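# Results of the structural survey
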Amino acid sequence: MEMGKMKKSLRIKIISMGNAEVGKSCIIKRYCEKRFVHKYLATIGIDYGVTKVNIRDKEVKVNIFDMAGHPIFYEVRNEFYKDTQGAIIVFDVSDRNSFEALDSWLLELQNEVGNQSEVDNIAVCVCANKTDKKRVVDESEGRIWADTRGYHYFETSAQTGEGVTEMFQNLFEGVVSADQVEAIQKLKAARSDYERLGVQLGASKDEVNKAYRKLAVLLHPDKSVAPGSEEAFKLLVAARTTLLKKCS
Ligand SMILES: Nc1nc2c(ncn2[C@@H]2O[C@H](COP(=O)(O)OP(=O)(O)OP(=O)(O)O)[C@@H](O)[C@H]2O)c(=O)[nH]1
C-alpha cells in the first residue's frame, strides 16, 4: 500500500461552554455551514459534529462537542471535558447573567479537567455573542475579563456572521501550531529512523542529537497539545536511541 494513504489525518477536540441560549449552537452552525455533519444526541444533551479545516495548509479534523448550557445537563456534560484542546466560552451581550456566569464555567472546566497544566494548555476563545442586539455588557468589560485570564476575546454575531470565522481560525491556530503539525506528519510518514530524524545515512552522534533536540522542543508532550504529539515524540525518542547505537 502507498504510504501516503496510510497517513491518519490530525484530529482536534473542541468544546463549547456558556449559559443556555447564549448562541453556542448557532455560532458553530454558522461556521460549519454545509460541511457540518450534525447529530443531535438529545438524551445526553450534547450535539456532536465533525468538520475539516485547513490550518496553514494542513488538513485537520475538528471534533466539536456542543454542550447544552442548562444546569440540568451538568451530569451529562461533565464527561465531555476530557482531552479537550480548545474551548469557546460564550456569553450573550444582551444578557448580563450570562456574562456573570463565565467564572462558573471556567470553574467547571477546571474541576472536570482536573490537572491545572492540562487546563493551561487548552486554547480558549471568549465570544461576546449577539452583538447585533441591544447590549447590556460593554465590549470593554468583556475584553477585560478575557485579557486578565489570558484568553482571546471576540465579538461575534451568529446572526450576521460577524467575527465567527475569525474566532474559530484563531482558536484552531492556538491548538495546533503549523510547525508541530508538520513535524508530526513527517515523523508518522517516515519509513526509516534516518528519515524520522531527517539525517543522512551514517550521520554522526552530534548530528543525530542536534536533529533530535530540534524536534523534541516542538513535540515534547509537556509543551505540545497538538494531536498525535505524544505518539510522535515516542517515535522520535526510539529513532534517536537506535541511531545513537549505530554511531558507537
Ligand atoms: N439576535 C441574535 N440571536 C442569536 C444569535 N445567536 C443565537 N441567537 C438566538 O439565540 C437562541 C439560542 O441559540 P442557541 O445557539 O440554540 O443557544 P445555545 O447556547 O446553543 O443554547 P443551549 O443549547 O441551550 O445551551 C436562538 O433563538 C438563536 O436564534 C445572535 O448572534 N444574534
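Residues numbered from 1 in each chain as written. Predicted model: local features only at pLDDT ≥ 70, side-chain atom pairs only at ≥ 80, totals over all residues. Heavy atoms only, no water.

- Under an unreviewed UniProt entry, the name given to the protein chain is DNAJC27, and the source organism is Mytilus coruscus.
- In UniProt, the protein chain has this text filed under Subcellular location (unreviewed entry): "Nucleus". (UniProt positions renumbered as here; feature names shortened; annotations may be inferred.)

## What to know about the site of the ligand
- Taken together, 18 residues are adjacent to the ligand, and K24, S25, G69, D132 and A158 come closest.
- With respect to the ligand, the side chain of S157 contributes an N or O atom lying 3.4 Å from an oxygen atom.
- Take the shell around the ligand: its biggest share by element is three residues, from helix 2 (residues 24-32).
- Of the residues assigned to the shell around the ligand, the class counts are six nonpolar, seven polar and five charged. (Near = heavy atom within 4 Å. Polar contact = N/O pair within 3.5 Å; in protein donor to acceptor, adjacent residues only side chain to side chain. Helix = DSSP H or I, 4+ residues; strand = E, 2+ residues; numbered from the N terminus. Nonpolar A, V, L, I, M, F, W, Y, C, P; charged D, E, K, R; others polar.)

## Considering unusual backbone geometry
- Here the phi dihedral of E21 falls at roughly 70°; this positive angle occurs in a residue that is not glycine.
- Tracing the chain through its elements places E21 in the loop between strand 1 (10-17) and helix 2.
- The exposure class assigned to E21 is exposed, which follows from its relative accessible area of 71%.
- For D83, which is not glycine, the phi dihedral falls at a positive 65°.
- Here D83 lies in the loop between helix 3 (74-77) and strand 5 (86-92). (Buried < 20%, exposed > 50% of the residue type's maximum accessible area, 1.4 Å probe, protein only.)

## Here we look at the environment of E207
- Secondary-structure assignment places E207 in helix 11 (residues 205-219).
- As for E207 and L244, which are separated by 37 residues in sequence, their C-alpha atoms are 10.0 Å apart.
- Only 2.8 Å separates the side chain of E207 from the backbone nitrogen of S204, close enough to count as a polar contact.

## Quick look at the domain arrangement of the protein chain
- When the domains of the protein chain are assigned, the result is domain 1 (9-174) and domain 2 (178-247).
- Domain 1 and domain 2 are separated by 34 Å when their C-alpha centres are compared. (Domains from an automatic or database assignment.)

## Section: the pairing of strand 5
- With seven of seven residues buried, strand 5 is to be regarded as a mostly interior element.
- Bridge analysis of strand 1 against strand 5 gives four bridges, and the strand direction is parallel. Across the sheet, residue I14 finds its bridge partner in strand 5, namely G86.
- Note: strand 5 against strand 6 (residues 123-129), seven bridges, orientation parallel. Note on strand 6: the bridge partner recorded for D92 is N129. (Pairing = 2+ DSSP bridges.)

## What to know about the nonpolar core
- Core analysis: the biggest nonpolar cluster contains 46 residues, and I27, I88, F168, F172 and L197 have the highest contact counts within it.
- Among the domains, domain 1 (9-174) and domain 2 (178-247) are the pair contributing at least three residues each to this core.
- Here I88 is in contact with I15, S16, M17, I27, I28, C125, C127, M167, F168 and L171, once residues within four sequence places are set aside.
- F99, W105, V119 and I122 belong to the second-largest nonpolar core, a separate cluster that totals 29 residues. (Core = buried A, V, L, I, M, F, W, Y, C linked by side-chain atoms within 4.5 Å. Contact = heavy atoms within 4.5 Å.)

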